Every structure is written in structure tokens, then in C-alpha cells.
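# An overview of the molecular structure
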Amino acid sequence: MKLLEGKNAMIFGVANQRSIAWGIAKAFHEHGASIGLSYAGEALERRVKPLAESIGCNLVEQCDVSQDDQIEAVRQRAIEEFGEIDVLVHAIGFANRDELSGFYYNTSRAGFHLAMDISVFSFTALAKAFQPHFRTGGALLTMTAYGSEKVSPQYNIMGVAKAALESSVRYLAYDFGKQGVRVNAISAGPVRTLAAAGVSGFKELYRHFPEFAPLHQPIYIEDVGNAAVFLCSDLAAKITGEITFVDSGYNILGNPESID
Ligand SMILES: NC(=O)c1ccc[n+]([C@@H]2O[C@H](COP(=O)([O-])OP(=O)(O)OC[C@H]3O[C@@H](n4cnc5c(N)ncnc54)[C@H](O)[C@@H]3O)[C@@H](O)[C@H]2O)c1
């Protein structure tokens, strides 16, 4: 059964074949969605274009989400292509690498603003830009992490940003509810991507994760993609403002079992 047949989806945040956004794009394609992809900048074009071609996607647009004129340009292009849209996926995050290690209190004012702008505000900015073009029954989706709720050492400003992002999900869900459009987030366990490589200690966390997580399974971009299909499909018609964990159950633990 194809769950997204007839739906138009804009997906922001593909950097390469390891990106969570790419896992979502593949799953959406398998479920019959028409897809538009957006990537951050020229340097990524040669990686993203072949991926887009492999799923028959004609709309591949550059958009640095810190620039309002670029958001406007991608909105115009998307509306030219699709007319109306049903799904918008935001899988974007950024913080200065040197602020993803050491003490959180060393976060600079500029680094704080940058992380909040790109990792949090951009979801609201995209939601606003596309708001008039959403069909009833549509869905917005963003990506968060457990470091929003509990301290994940070295995740620092990204943890704080994810807390703000999750709150944005709830406020946006309230606003968009009036037009019958849902807003949710997936909280993914550790996935080996470019963004994750920037967080100090990620490799260790990734390596030990399956030992501790209740399902003892690592998280793949395909797992996130499948959950995204559900959340953006009519099967999730009454789910909005929620954070859904795709983490092999890691978040239910109080403390991990000790290993010998
Ligand atoms: N990898 C993980 O373990 C993990 C876990 C939970 C949540 N997440 C979240 O998933 C999302 C996707 O990250 P990923 O892990 O797939 O890594 P990724 O590096 O593949 O994706 C991050 C994307 O953000 C984009 N980006 C950064 N600055 C941008 C800007 N100014 N304008 C437009 N795009 C910009 C990058 O180009 C890239 O495509 C992020 O929000 C991340 O925090 C990742």
C-alpha cells in the first residue's frame, strides 16, 4: 500500500546519501509522493543532484535557510512545480563545531544565535513561507534529539536548540490546526551523518548505543524514513504537536544496564 500517493512533499536538508533527509526522501518516493529537494549550498550540488535523479525528482533547489530571499525563491519554485503542497520536512541543524565540545557555558553569543537561527527559527520561517500553499490534511515534520530533554554531554547548544525546536512544534501545531495541517517531530537516536560527526564523543555514543537501547538495534536513516511516512500520511490524521522517538527505546531508560 502506498501511503503518500498524490501528495507533494518538499524536503529540506539533504547533504549526501547518509542524511536523514535522504532516508525520508527514499521512503516518500517508495510511497508514491512527488518530491522536491532542497540543499544548503553550491558545494553540495554534485552530491544532491544524482540522488534527486535516482528518485525522479525534478525540483532540486539550493536554499540557505538563514537567508529570507533564498526561502522566498525556493517557495516560488515549489509552487510553480506543485501548485499546492501536502508535506514539508525540515531536517536541518547547525552549530559551530567548537561549541559541540567542552563546557556548555562557553557557548558564545554569536554561536548561540547562529545555532538557534539555523536549527530552530528556520523551521518556523519555512512554515510561514509555505503556510498559504498547504492543502488540508497536510503535515510538517522536523528532526529533534533526546539531548533536548536530558543532558547529553557535549551536545550543548544543540540540546538547547532542540528544546526550542520542540516547543516550536507545539506552537506551530496549534496555529496550523486551524487549517487542518499537522506539525510533528521525530526524535532520532544516533545516526552516522555529517552533522553528527561534528558532535564530540558521537562515535563512542554510536558504538555503545545498541548495547544499552532496549531493542539493541542501531538507528538507520531508513528507520526514520518509515516513521516519517507514517507521520506525514493520513494514517496519522489525528496526531499533531507530538515528538515521536525513533531510538530503539533508548529514551525510556532511567539508567543504562552496566556492562561487564
Ligand atoms: N544524526 C543524528 O544522530 C541525529 C539525531 C537526532 C536528530 N538529528 C537531526 O536530524 C537533522 C538532519 O541531520 P543529519 O543527521 O541528517 O545530518 P546532515 O549533515 O546530513 O544534515 C544536516 C543538514 O542541515 C543542512 N544545513 C546546515 N546549515 C544550513 C543552512 N544554513 N541552510 C540550509 N541547510 C543547512 C546541511 O546542509 C545538511 O543537509 C538535524 O536537525 C539533526 O540535528 C540527527
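Going by the structure above, here's the rest.
Here's what I pulled together on the structure shown here. Keep in mind that what you see is a predicted model, and the values were worked out from it rather than measured.

## Observations concerning the pairing of strand E4 (residues 85-90)
Looking along a regular strand, one sees the side chains alternate between the two faces of the sheet. Among the six residues of E4, six are classified as buried, and the element is accordingly described as predominantly covered. Of the strand pairs in this sheet, strand E1 (residues 8-12) and E4 are connected by four bridges, and their pairing is parallel. Bridge pairing in E4 links Phe12 to His90. Chirality of the crossover, the property in question, places the unit of E4, helix H4 (residues 109-130) and strand E5 (residues 134-144) among those that are right-handed.

## Description of the packing of H4 against helix H5 (residues 156-177)
Between H4 and H5, whose axes approach to 9 Å, the crossing angle comes to 20 degrees. The angle between the axes of H4 and H5 places the two elements in the roughly parallel class. Handedness of the H4/H5 crossing: right-handed. For the pair H4 and H5, the contacting residues are Phe112, Ala115, Met116, Ser119, Val120, Phe123, Thr124 and Ala127 in the first and Ile157, Met158, Val160, Ala161, Ala164, Leu165, Ser168, Val169, Leu172 and Phe176 in the second. Across the contact of H4 with H5, the residue classes break down as 15 nonpolar, three polar and no charged.

## Comments concerning the sheet that holds strand E3 (residues 59-62)
In space, the seven strands of this open sheet follow the order E3-E2-E1-E4-E5-E6-E7, with parallel pairing throughout. Two strands close off the open sheet at either side, each with one partner strand: E3 and strand E7 (243-246). The average angle at which neighbouring strand axes cross in this sheet is 20 degrees, direction not considered. Where helix H1 (residues 20-30) meets the sheet, its contacts fall on E1, strand E2 (34-39), E4 and E5, and the angle it forms with E1 comes to roughly 165 degrees. Seen against the sheet, H5 touches E5, strand E6 (182-188) and E7 and runs at an angle of roughly 170 degrees to E5.

## With respect to the site of the ligand
Not every one of the 28 residues close to the ligand is listed here, only the nearest: Gly13, Ser19, Ile20, Val191 and Thr193. Backbone polar atom of Gly13 to an oxygen atom of the ligand: 2.8 Å apart, as the coordinates give it. Here a nitrogen atom of the ligand sits 2.9 Å away from a polar atom, N or O, in the side chain of Asp64. Here the ligand, which alone exposes 820 Å², has 90% of that area covered by the protein. Contributions of two or more residues to the shell around the ligand are made by E5 and helix H6 (194-197). Here the shell around the ligand takes three residues from H6, the largest share from any one element. Here the residues of the shell around the ligand are counted per class, giving 20 nonpolar, six polar and two charged.

The rules we used
- Residues numbered from 1 in each chain as written.
- Predicted model: local features only at pLDDT ≥ 70, side-chain atom pairs only at ≥ 80, totals over all residues.
- Heavy atoms only, no water.
- Buried < 20%, exposed > 50% of the residue type's maximum accessible area, 1.4 Å probe, protein only.
- Helix = DSSP H or I, 4+ residues; strand = E, 2+ residues; numbered from the N terminus.
- Pairing = 2+ DSSP bridges.
- Right-handed = clockwise from strand over helix to strand, strands pointing away.
- Axes fitted to C-alpha atoms, helices over the stretch in contact; angles between N-to-C directions.
- Parallel < 35°, antiparallel > 145°, perpendicular 65-115°, else oblique.
- Left-handed = near helix turned anticlockwise from the far one by under 90°.
- Contact = heavy atoms within 4.5 Å.
- Nonpolar A, V, L, I, M, F, W, Y, C, P; charged D, E, K, R; others polar.
- Near = heavy atom within 4 Å.
- Polar contact = N/O pair within 3.5 Å; in protein donor to acceptor, adjacent residues only side chain to side chain.
- Areas by Shrake-Rupley, 256 points an atom, 1.4 Å probe, with all protein chains shown as cover.

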